[in-house]
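Inside the fold
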Amino acid sequence: MNPTTSTSSLKCVVVTPEKAVLDVKAEFIVLPLYDGEFGVLPGHAPLVGRLGPGELRVKQGEKTLAYFVDGGFAQVRANVVTVLTPRAIEAKDVAPIPSQQMLADALAMPADTPRQRELRDAAIASARARIRISEKYT
Amino acid sequence: MANSRVLLKRRKAVRNIRKITRTMELIATTRFKKALDRATEAEAYTRKIAELAVDLSCSAGEVSHPLLEKRPTIRKNLLLVLTANRGLCGGYNSNVLREAARRIAELRTANTEFDLEMSGKRGATWCRFQGLALSAFYDKFEDKPQFAQVAELATKYITLYVGGQIDRLDVAYMKFHNPARQEAVVETLLPLSTLVTSTRHGCDPVAADGTTAVDYEYAPSAADILSELVPMAFQVRLFKCFLDAAVSEQIARRIAMKAATENAAELIKSITREYNRARQAHITKELAEIIAGAEALK
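So, a few notes on the structure that sits alongside this text. Residue indices begin from 1 for each chain and proceed along its sequence in written order. Each chain is given a letter, starting from A, and each ligand a number, starting from 1, according to the order in which they appear as written. Owing to the predicted nature of the model, reporting of local features is limited to residues with pLDDT of at least 70; listing and counting of side-chain atom pairs is limited to 80 or more, with chain, interface and lining totals taken over all residues.

**Some points on the interface of chain A and chain B**
Taken together, the contact pairs 21 residues of chain A with 28 residues of chain B. At the level of secondary structure, the elements contributing two or more residues to the side of chain A that touches chain B comprise strand 5 (47–60), strand 6 (63–77), strand 7 (80–84) and helix 2 (114–137) of chain A. Pairing geometry for strand 5 of chain A and strand 6 (residues 217–219) of chain B, over 3 bridges, is parallel. By the bridge assignment for strand 6 of chain B, A:Leu47 is matched with B:Glu217. Placing a C-beta atom from the backbone of each residue, one calls two residues in contact when those atoms lie within 7 Å. Secondary structure is summarised from DSSP: a helix means a run of H or I of at least four residues, a strand means a run of E of at least two, and numbering begins at the N terminus for each. Only strands that DSSP links by at least two bridges are regarded as paired with each other.

Written as structure tokens, this is what we have:
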């Protein structure tokens, strides 16, 4: 590894299939991995991880950007953190009411086959994460 | 001798048509630009997914995923055709439908059962005309297909495929190569042929460009991530089909409207010429009459 990179700052890139959401410098990034939050500081070892629905935080000095990401993948390499996610919404734009409705819809989904259960669990987890974030930021 | 008033009226009508087609051309141009921007934005995501897939398959080795396995016998085929909701776009719809019809004929000769799904009102009309039954029809994908909508569709297909209700998924659409070249194609999306579209740097520890391949940490294991990545790759592929179709539609519409505008301009020219000739003939005739009248009075 290049030792000089460890002192410099991180770069955070968030892309969804529809657009490139974010491309900024950061000091510290928290990724919502599938099994819990995961902090990345400059000079982190290369990593590929699966994301769960949750909150992505990007710290830039005093300011912290917060996003809701709906699963996907994260790649850490040479101080660049790339987040690939089907959906990324700024945390303050996650509205509580549709999130509650989503949870109700998710709970009402059929769960007769393993495949259906899988989809239902994913939808429930996503809706719960939305509710958590909307409560935190409103 | 053509009536000059009729000619004037016709010229006015053609001028109005030219105005309309010209506006439609401009609208198609802006929509095309927007659609192309979206397609380029999606490109970044596709490229990243492909890169990840390369890195992962280097660590995880051969992957086996239900979506990647080719089935020995195809009992049921699903054909999704992407057409436009509206016409006035030249040969766009008919080219896609011709490809689709060819695939349908192939399936019929092979005696394979198939379901037909259609996006776009034009295609639905064609099916009614051909007497083909549609198992699903979508008209919500306009020139800005949303990823969430496409992902929903993709999830449905994955469920059908994994559950064994379909053995193959084909998509007929207009593939976008560059602004000057689009091509109607039928592509097999399921089973996914390859996850890794281009193995640029292969799996060697030292790549061709001299940089060493990165040794990643994986959370969870590389194989687990890959199995998550496969459905994602399929969703993106399907989304790309929709985006390509949207871009191609706008290009086709722009070209058709451009041709229409040019034709109208030419028509106006020829009508003007005819009108002037008629006017001239009228004047000459009147003059001749006056002179003849004056002669008679002498």
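Now, onward.
**Things to note about the sheet that holds strand 2 (residues 113–119) of chain B**
All names here are of chain B. Pairing is mixed in the open sheet, where 5 strands are placed in the order 3-2-1-4-5. Among the strands making up the open sheet, the edge pair consists of strand 3 (136–138) and strand 5 (181–190). Here the average twist between neighbouring strands, direction ignored, is 25 degrees. Here the axes come from fitting lines to C-alpha atoms, over the contacting stretch only for helices, and the angles between their N-to-C directions go from 0 to 180 degrees.

**Notes on the environment of A:Ile124**
Residues and elements named next belong to chain A. Here Ile124 shows up in helix 2. Taking the C-alpha atoms as reference, Ile124 lies 12 Å from Gly52; in sequence the two are 72 residues apart. Ile124 has contacts with Leu103, Ala106 and Leu107, leaving out every residue within four places of it along the chain.

**So, helix 4 (residues 147–162) of chain B**
All names here are of chain B. To estimate how far a helix should extend, the number of its residues minus one is multiplied by 1.5 Å. Given a rise of 1.5 Å per residue, 16 residues ought to cover 22 Å, and the 22 Å separating the end C-alpha atoms of helix 4 matches this to within 8%. Here the C-beta atoms are placed from the backbone, and a residue counts as buried if at least 20 other C-beta atoms lie within 10 Å of its own, exposed if 12 or fewer do, and partly exposed otherwise. Every buried residue belonging to helix 4 is among Phe147, Val150, Ala151, Leu153, Ala154, Tyr157, Ile158 and Tyr161, and all of these are buried. Down the axis of helix 4, the sector holding all buried residues measures 160 degrees, keeping them to one side. Opposite the packed face of helix 4, turned more than 90 degrees from it, sit the exposed residues Ala148, Glu152 and Lys156. Contact partners of the buried residues in helix 4: strand 4 (168–178), strand 5 and helix 5 (222–297). Downstream of helix 4 by one or two residues, Gly164 has phi in the positive range, about 80 degrees. The arc under discussion is defined with respect to the helix axis, by the directions toward the C-beta atoms.

**Observations regarding the packing of helix 1 (residues 96–107) of chain A against helix 2 of chain A**
All names here are of chain A. Running from N to C, helix 1 and helix 2 cross one another at 160 degrees; their axes reach a closest spacing of 8 Å. With respect to helix 2, the element helix 1 is oriented roughly antiparallel. Crossing hand, helix 1 versus helix 2: left-handed. Contacts between helix 1 and helix 2 involve Pro96, Ser99, Gln100, Met102, Leu103, Ala106 and Leu107 from the former and Arg120, Ala123, Ile124, Ala127, Arg128, Arg130, Ile131, Ser134 and Glu135 from the latter. Each residue receives one of three labels: charged for Asp, Glu, Lys and Arg, nonpolar for Ala, Val, Leu, Ile, Met, Phe, Trp, Tyr, Cys and Pro, and polar for the others, Gly being one of them. Looking at the contact of helix 1 with helix 2 residue by residue, the class counts come to 9 nonpolar, 3 polar and 4 charged. Throughout, the term roughly parallel applies to angles under 35 degrees, roughly antiparallel to angles over 145, roughly perpendicular to angles from 65 to 115, and oblique to all others. Handedness of a crossing is defined here by the sense of rotation of the near helix relative to the far one, left-handed for an anticlockwise turn of less than a right angle and right-handed for a clockwise turn.

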